Amino acid sequence: MLYRVLVAFGLHHLLNNVFWFQLGTYETPDGNIVQGDLPRFFAGDPTAGFFMAGLFPIMMFAIPAIAFAIIQEAREDLKPKIKKTFLTSALVCFLTGVSEQIEFAFLFAAPYLFIVHAVMSGIAMWISYWLDIRHGFSYSAGIIDYILNFHLSENAWKLIPIGILYGLVYYFLFRWAIRTFKIPTPGREEGSMLEDWVGNIPYQAPLILEALGGKGNIVQVEACITRLRLTVHDDRLIDTGAMKSMGSAGLIKLGGGNVQVVFGTYSELIREEIAKLLERDLQQVLFCAPVQGKMLPIEEVPDQIFAAKLVGDGVAFVPERGELVSPVYGTIMHLYPTMHALGISTREGLEVLLHIGIDTSQLKGHFEAFVQEGDTVEPGQLLIKFDLAVLRDQAASLTTPMVITNPDRVKSWSFAPFKQVKKGQASVMSVVLYDRNVGGVE
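Since we're looking at a predicted model, the values are computed, not measured.

A. Examining helix H8 (residues 111-130) more closely. Between its terminal C-alpha atoms H8 stretches 29 Å, which fits the 28 Å expected from 20 residues at 1.5 Å a residue. All buried positions along H8 are accounted for by Leu 113, Phe 114, His 117, Ala 118, Met 120, Ser 121, Ala 124 and Ser 128. Looking straight down H8, one finds its buried side chains confined to an arc of 165 degrees; they lie on one side. Seen from the open side of H8, the exposed residues pointing more than 90 degrees away from its buried face are Trp 126, Tyr 129 and Trp 130. Asp 132, located one to two residues past H8, shows a positive phi value of around 60 degrees.

Structure follows, in structure tokens:
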């Protein structure tokens, strides 16, 4: 039970070191002395393997069953993405015993359910000991180690029916609890959904680094199989909501600037990309949300000029309030006479166009500017107020593009998940610029 509880804090290795590598001694036939349940099991000690056997039903059956319960209780519109994520996580857990991505999906949403899970795990170990089952693993209690080490085990076949029973109990228990107590597991509320990271890690890493408080806040970054292990100057600078929206299954602050962020099996790849960003002196521009509303890919703008990126590349928003704020530090370059659009030149030389709605240039008198050409602005500063009700009724669309009109200066783009954003929310888009000192191209 304590082992599972400590998993939530990343401290389960404290018990591992004692029980798996120190408890008990065994003298091999050739006279060598080995210590700990794990080494003694592989050395042929007939009394070893009791402290590992009880984990097999949990890792191979119970925790994957949680993943299936989460999938079944997801909203129908989100179920395809949730199925893709959690079927992969269930398979990884079944094969290798890596379980944190599933466990952290409900740990923070329903900690009392995690306590039940810890108790059930302790009972599984007691059952395996009571049935005189010995088994062990070199990595973790997945099917791979179960098969490879079966010849060294005793009564290990009993773990299969125990595991099937546990899987059924967990599946129905978690479905009942999620539905009854309305637990916001992934897929039941949009902000908790784990994102598909495959192929996108290099582009998401700048946003993750920004959500961690920026380069200046990082003291050290490491990773284990399922989580980033960080030391930061100030853990209050970490944007928990942004981390969650970009795929984190959980964040734990251990004090003293020590923080752990669970990204599942992508954690090491994310660490590598963050390390590259920390080592490079990259020219990077971060963009805040210019409005409150929903963020969209530029390709979904209902206007062929913007959607085809003929004006420039970027993102778009569907505003829910009639206020436009600055997404960057810069200078007002252009303010159109109708005040439905303006251009900002950033300190790095990017030219940013903000265009409120589609086909709104003829709607005079419904926009009020709070800046003029030549003014310097900063993220979150009010630029324009507009009559949202009139635009909703008379404009072709409320969709508001935010595009960089000189995208040849941009080396790489990063976008936050396309979902609801708050006015001034950081950071919804990040770009890395080419080095101008090397002929304009790096």
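B. How the structure looks around the sheet that holds strand S18 (residues 410-415). One open sheet holds the 3 strands; their spatial order is S7-S20-S18, and the pairing between them is antiparallel. Either end of the sheet is taken by a strand with one partner, and the two such strands are strand S7 (284-287) and S18. Within this sheet the neighbouring strands show an average axis-to-axis angle of 15 degrees, counted without direction. Relative to strand S20 (residues 429-433), S18 is paired through 5 bridges, and the arrangement is antiparallel. Pairing of Trp 413 across the sheet is with Val 431, part of S20.

C. Main features of the pattern of salt bridges. Inspection of every chain in the model, using the stated rule, returns 14 salt bridges. Note that Arg 227 and Glu 100 form a salt bridge whose closest N and O atoms lie 3.4 Å from each other. Highlighted residues: Arg 227 in strand S4 (residues 227-232) and Glu 100 in helix H7 (residues 100-107), separated in sequence by 127 residues. Residue Lys 276 is joined to Glu 273 by a salt bridge in which the shortest nitrogen-to-oxygen separation is 3.3 Å. Of this pair, Lys 276 and Glu 273 both sit in helix H13 (residues 267-279), separated by 3 residues, roughly a single helical turn. Residue Glu 273 is classed as buried on the basis of its relative accessible area of 16%.

D. Quick peek at the sheet that holds strand S15 (residues 376-377). If you walk across this open sheet you meet the 8 strands as S15-S11-S12-S13-S17-S9-S8-S19, and the pairing is antiparallel. Looking at which strands have only one partner, the edges of the open sheet turn out to be S15 and strand S19 (420-421). Pairing of strand S13 (residues 351-355) with strand S17 (residues 400-404), which is carried by 3 bridges, proceeds in the antiparallel orientation. Residue pairing in the sheet places Leu 354 in a bridge with Met 402 of S17.

E. Just the pairing of strand S12 (residues 341-346), in detail. For S12, the buried fraction is high: 5 of the 6 residues fall into the buried class. Summarising the sheet, strand S11 (residues 330-335) and S12 pair through 5 bridges and their orientation is antiparallel. Residue pairing across strands places Gly 330 opposite Thr 346, the latter belonging to S12. Where S11 hands over to S12, the hairpin turn is made up of 5 residues, of which Met 339 adopts a positive phi near 65 degrees. Bridge count for S12 against S13 is 5 bridges, and the pairing is antiparallel. Bridging across to S13, Ser 345 finds its partner in Glu 351. As consecutive antiparallel partners, S12 and S13 are separated by 4 residues, and within that stretch Gly 349 has a phi angle of approximately 95 degrees, a positive value.

Rules used throughout
- Residues numbered from 1 in each chain as written.
- Predicted model: local features only at pLDDT ≥ 70, side-chain atom pairs only at ≥ 80, totals over all residues.
- Heavy atoms only, no water.
- Helix = DSSP H or I, 4+ residues; strand = E, 2+ residues; numbered from the N terminus.
- Expected span 1.5 Å × (residues − 1).
- Buried < 20%, exposed > 50% of the residue type's maximum accessible area, 1.4 Å probe, protein only.
- Arc of directions from axis to C-beta.
- Pairing = 2+ DSSP bridges.
- Axes fitted to C-alpha atoms, helices over the stretch in contact; angles between N-to-C directions.
- Salt bridge = Lys/Arg side-chain N within 4 Å of Asp/Glu carboxyl O.

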